Every structure is written in structure tokens, then in C-alpha cells.
Amino acid sequence: SPIGNDRIASRSLGSSIKAVSSYRDHYEFKQTDIDINVKEAEQCRADWIVTTEKDMIRLRHLSLPENLIALSIELSADKEFFEISDEIDLIVYEI
């Protein structure tokens, strides 16, 4: 599953992203998906294969490489967020 935007993820991880594989939300992963990503990581000489914690749980029934890690994503909001929350509600409901 992609991590939003690869440029943002690259800055967050503090490293370069060698390749990106995208899957739709709730995709049912198969062993061939893992095998393809492992091969691509080897070709790109990537040290790590990164996924989200959500997808890592969904991958646990497959044979996973040792260099597959889950990115923990934490959401936090500061005081300003709550001060403008009424505006945010309007934007969300209009989408």
C-alpha cells in the first residue's frame, strides 16, 4: 500500500525511496506480490521494504523477507487544529 506521497514519505524516513508499489485499499495480498516486491528491492539495491502497520497485519500469513518493516504512523493535533475544527468539518462534509 502506498504511503500517501512518496516525496513526503522520503522526507519523513530521512532517506531516498528507490521504488513504489501501489495497491488499492483493502487489497488481498498474495505471495506473488511479496515476491515481486522483493525482486524489485534487490534490483534497486534497497536496504528495506517499507509498508504500513495496517498492511503488515494483512501480510502476516505470507512468507515475508527479513528486510520488510512496518512504518508506524501517528496522528496528532495541536491547539490550532481544534480552534479551526469547525472549518475542517465543513470541508470534510462537502467532499
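In the block above lies the structure referred to throughout.
Here the structure is a predicted model, which means the values were calculated and not measured.

Things to note about the nonpolar core
Argument step 1. Grouped together as the largest cluster of nonpolar side chains are nine residues: Y23, Y27, F29, I34, A41, I49, L59, L62 and L68.
Argument step 2. Those residues within four positions of I34 in sequence are excluded, and the remaining contacts are L59, L62, S63, L64 and P65.

Focus: unusual backbone geometry
Argument step 1. Here the phi dihedral of H26 falls at roughly 70°; this positive angle occurs in a residue that is not glycine.
Argument step 2. Following the sequence through the fold, H26 ends up in the loop between α1 (6-13) and α2 (31-44).
Argument step 3. In this structure, R45 is a non-glycine residue whose phi angle is positive, near 60°.
Argument step 4. Among the structural elements, R45 can be located in the loop between α2 and β1 (49-52).

What counts and how
- Residues numbered from 1 in each chain as written.
- Predicted model: local features only at pLDDT ≥ 70, side-chain atom pairs only at ≥ 80, totals over all residues.
- Heavy atoms only, no water.
- Core = buried A, V, L, I, M, F, W, Y, C linked by side-chain atoms within 4.5 Å.
- Buried < 20%, exposed > 50% of the residue type's maximum accessible area, 1.4 Å probe, protein only.
- Contact = heavy atoms within 4.5 Å.
- Helix = DSSP H or I, 4+ residues; strand = E, 2+ residues; numbered from the N terminus.

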